[in-house]
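# Inside the fold
As a plain string of letters, each chain reads:
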Amino acid sequence: MTKKINKREKVEELVELFSKHYPEPGTALEHNSSFELLIATILSAQTTDVQVNKVTKELFKEYNTPKAVLKLSQKELEEKINSIGLYRNKTKYILKTCRMLIDDFGGEVPSTRKELLKLAGVGRKTANVVLANAFYKAAFPVDTHVFRVSERLGLSSGKNVNQTEKELTKLIPKKYWIDFHHWLIDHGRAICKAQNPDCKNCFASHICRYYQNN
C-alpha cells in the first residue's frame, strides 16, 4: 500500500528504514589513508569498486604515498592498473596528481573542496568522496546509484548530478549527508538496481514515486 507524504517526511522515514536495513554505511573502496582513498576514487570512475579493490590491494603494498607512486613510469603504472577501464588516462591523472600533492601541498591530500578540485582527475564527486570519507566533512557525492535511487524515490528531479546534489543537500539534514549518500548506494546495489529493480522486496516501496507510477 502506497502512502502520500511530502519530501521531508519521506526523508525522515527513509532515515529510519535505511539505518535499520543498512546499519553500517561506509565506502566500499578499501583504503588506509586519505591518499589511498583519493587514488582509489580516481580509479573508480566507470569501474566497479570490487575491481578497484583488487588492483589497489596489490598497488598499495608498495605504492601508497605520492613519492612512492612517482617512482613508477607511465608505462609501469599502466601495467599495474590495466585491468581497470580508462587506465591510460587514469595513469596520467594519478602521476600528475602525485606531483601536485608534493609540489603544492607538502605531500598531503588537501582537505577542502576548492583545493581537491585543483588535482588532476578530480571532479566534484571525487572531491566529495574524499571530504566525506577521509575527513568526515559534510559532503554529498552523487554517483550513478545516488542519482538513480534518489530520483526514483522522488527526492530529486534527476536532471543532472550537480542539480541532484543541490536538491539533496537542501532537502536532507546536514548531519545525515554522509550516511544518506552511502544508504542510497547500498540500496541501489541491493534492491533498486538500474535494470529490473526488486520493487516487490523493497522496504521503501510504499513511499517510492517509481513504484507508485509503475
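Residues numbered from 1 in each chain as written. Predicted model: local features only at pLDDT ≥ 70, side-chain atom pairs only at ≥ 80, totals over all residues. Heavy atoms only, no water.

### Quick look at helix H6 (residues 87-105)
As a reminder, the rule being used: Helix numbering and strand numbering both begin at the N terminus, where a helix is a DSSP run of H or I of at least 4 residues and a strand a DSSP run of E of at least 2. The span one expects for a helix is its residue count, reduced by one, times 1.5 Å. A 1.4 Å probe rolled over the protein chains alone gives each residue an accessible area, and that area as a share of the maximum for its type sets the label: buried under 20%, exposed over 50%, partly exposed in between.
Compared with the 27 Å implied by 1.5 Å per residue over 19 residues, the 25 Å span of H6 between its first and last C-alpha is a close match. Residues of H6 that are buried: Tyr87, Lys90, Thr91, Ile94, Leu95, Thr97, Cys98, Met100, Leu101 and Phe105. Looking one or two residues beyond H6, the residue adopting positive phi is Gly106, at roughly 60°.

### What about the domain arrangement of the protein chain?
Selection rule: Annotation comment: domain bounds sourced from an automatic or database domain assignment. Here a residue-residue contact requires only that any non-hydrogen atoms of the pair lie within 4.5 Å. Note on terms: buried area is the combined drop in 1.4 Å-probe accessible area of two parts once they are placed together, counting the loss on both. Here a salt bridge means any side-chain nitrogen of Lys or Arg lying within 4 Å of a carboxyl oxygen belonging to Asp or Glu.
Per the domain assignment, the segments of the protein chain are domain 1 (7-25 + 140-213) and domain 2 (34-135). The gap between the C-alpha centroids of domain 1 and domain 2 is 28 Å. Taken together, the contact pairs nine residues of domain 1 with seven residues of domain 2. Summed over both partners, the interface of domain 1 with domain 2 comes to about 640 Å²; 50% of that surface belongs to carbon and sulfur atoms. When the area that domain 1 buries against domain 2 is broken down by residue, the three leading residues are Pro141, Glu165 and Ile178, summing to 54%. Of the charged contacts, one joins Asp49 and Arg189 as a salt bridge, the two residues approaching to 2.7 Å between their closest N and O atoms. Listing elements by their share of the side of domain 1 that touches domain 2, those giving two or more residues are helix H10 (161-171) and helix H11 (177-190). If one sorts the elements of the side of domain 1 that touches domain 2 by residue count, H11 sits on top with three residues.

### Some details on H11
Residues spaced three or four apart along an α-helix point in a common direction, a consequence of the helix completing one turn every 3.6 residues. If you check H11, its first and last C-alpha atoms are 20 Å apart, about what 14 residues at 1.5 Å a residue would give, namely 20 Å. Restricting attention to buried positions, one finds in H11 the residues Trp177, Phe180, His181, His182, Trp183, Leu184, Ile185, Asp186, His187 and Gly188. The elements touched by buried residues of H11 are helix H1 (7-21), helix H8 (124-134), helix H9 (144-153) and H10.

### A look at the layout of surface pockets
To locate leftover empty space, one rolls a probe as large as a water molecule over the atoms. To keep things clear, this is the line we draw: Cavity: a set of points on a 1 Å grid over the protein atoms alone where a 1.4 Å probe fits but cannot get out. Pocket: an open set with protein on both sides within 12 Å along at least five of seven lines, its lining residues, like those of a cavity, having an atom within 4 Å of a point. Grid points are joined across faces, edges and corners, and a volume is the space filled by probe spheres set on the points. Each residue receives one of three labels: charged for Asp, Glu, Lys and Arg, nonpolar for Ala, Val, Leu, Ile, Met, Phe, Trp, Tyr, Cys and Pro, and polar for the others, Gly being one of them.
Taken as a whole, the largest pocket spans an internal volume of roughly 470 Å³. Among the secondary structure elements, those contributing two or more residues to the lining of the largest pocket are helix H3 (49-62), H8, H9 and H11. With five residues, H11 is the largest single contributor of residues to the lining of the largest pocket. Counted by class, the lining of the largest pocket contains seven nonpolar, 12 polar and five charged residues. No fewer than three residues from each of domain 1 (7-25 + 140-213) and domain 2 (34-135) sit in the lining of the largest pocket. Here the second largest pocket is characterised by a volume of approximately 180 Å³. Lining the second largest pocket are Thr41, Ile42, Ser44, Ala45, Leu86, Asn89, Lys90, Tyr93, Gly121, Lys125 and Thr126. Secondary structure elements with two or more residues in the lining of the second largest pocket: helix H2 (34-43), H6 and H8. The leading source of residues in the lining of the second largest pocket is H6, at three residues. For the lining of the second largest pocket, the class distribution of residues is four nonpolar, five polar and two charged.

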